[in-house]
Amino acid sequence: MIWFKPLTLARLNERCYGTMVEFLSITFTEIGENSLTAIMPVHTRIKQPLGIVHGGANVVLAETVASTAANVAVNWETHYCVGLEINANHLRSVREGIITAVASPIHLGRSTQVWEINLFDDQARKTCVSRMTAAVLTR
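A few points on the structure.

Reading guide: rules and limits
- Residues numbered from 1 in each chain as written.
- Predicted model: local features only at pLDDT ≥ 70, side-chain atom pairs only at ≥ 80, totals over all residues.
- Heavy atoms only, no water.
- Pairing = 2+ DSSP bridges.
- Helix = DSSP H or I, 4+ residues; strand = E, 2+ residues; numbered from the N terminus.
- 1 Å grid on protein atoms, 1.4 Å probe; cavity = no way out; pocket = protein on both sides within 12 Å on 5 of 7 lines; lining within 4 Å.
- Points joined across faces, edges and corners; volume = space filled by probe spheres on them.
- Axes fitted to C-alpha atoms, helices over the stretch in contact; angles between N-to-C directions.
- Contact = heavy atoms within 4.5 Å.
- Core = buried A, V, L, I, M, F, W, Y, C linked by side-chain atoms within 4.5 Å.
- Buried < 20%, exposed > 50% of the residue type's maximum accessible area, 1.4 Å probe, protein only.
- Polar contact = N/O pair within 3.5 Å; in protein donor to acceptor, adjacent residues only side chain to side chain.
- Salt bridge = Lys/Arg side-chain N within 4 Å of Asp/Glu carboxyl O.

Let us now look at the pairing of strand β2 (residues 36–41). Of the pairings in the sheet, the one linking strand β1 (residues 27–31) to β2 comprises four bridges and is antiparallel in character. In the strand pairing of β2, F28 is matched with A38. Counting the residues in the hairpin turn of β1 and β2 gives four residues. Summarising the sheet, β2 and strand β4 (residues 98–108) pair through six bridges and their orientation is antiparallel. Its bridge partner lying in β4, M40 is registered against I99.

Right under this line is the structure:
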């Protein structure tokens, strides 16, 4: 398991109150041994004028799950992680339902981490692939 300390979904979701994460209704739903999963319901706040999910909303979801995963994979008392770079390839548009994001580590180093984030629609079709690099900083 990659998590520094035992995690709970309640604790992860509590950290998001009053932030963009709460505003977009993103919720953490699963803690795997080597992955973290969150969902985002499709609603008007995340759509572009064409009626499909805005690419930026996909990136917010991807960065939320990867950044959170990065921070719970380090000792919170001595280190924290911040995003250095994120990219996304939008593969399929989404108009309704729930988008699921799963973040898994590619590299967990002393000074950087690299995370792969896959987004899926309600039919388990991949809608976006993203990669985020985080800097591991000393408190």
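The computed volume of the largest pocket comes to approximately 210 Å³. The wall of the largest pocket is formed by R15, C16, T19, M20, V21, V60, E63, T64, S67, T68 and N71. Listing elements by their share of the lining of the largest pocket, those giving two or more residues are α2 (20–23) and α3 (55–72). When residues of the lining of the largest pocket are assigned to their parent elements, the largest contribution, six residues, is made by α3.

Strand order in the open sheet formed by six strands is β1-β2-β4-β5-β6-β3, with antiparallel pairing between adjacent strands. In the strand order of this sheet, the two ends are held by β1 and β3 (79–90), each with one partner. Neighbour-to-neighbour, the strand axes of the sheet open up by a mean angle of 25°, direction not taken into account. Two strands pair when backbone bridges link them, and β3 and strand β6 (residues 126–138) are joined in this way by 11 bridges, in the antiparallel orientation. Considered in β6, the bridge of A88 is made with S130. Across the sheet, α3 lies against β1, β2, β3, β4, β5 (112–120) and β6, angled at about 150° from β3, the strand it touches most.

Grouped together as the largest cluster of nonpolar side chains are 37 residues, with contacts concentrated most on W3, W115 and I117. Of all the secondary structure elements, the ones that give two or more residues to this core are β2, α3, β4, β5 and β6. It is α3 that provides the largest number of residues to this core, a total of eight residues. Filtering out sequence-adjacent residues up to four positions away, I117 remains in contact with A62, V65, A66, A101, V102, A103, C128, V129, S130, R131 and M132.

Position of K47 among the secondary structure elements: in the loop between β2 and α3. Expressed as a C-alpha distance, the spacing of K47 and R95, which sit 48 residues apart in the sequence, is 7.9 Å. Of note is the side chain of K47, whose polar atom sits 2.9 Å from the backbone oxygen of R95.

For the rest of this paragraph, the subject is the pattern of salt bridges. As enumerated under the stated definition, the model contains two salt bridges in all. For E77, the salt bridge goes to K5, with nearest N and O atoms at 3.3 Å. One end of the pair, E77, is in the loop between α3 and β3; the other, K5, is in the segment before α1 (9–14), with 72 residues separating them in the sequence. Since its relative accessible area comes to 32%, K5 is described here as partly exposed.

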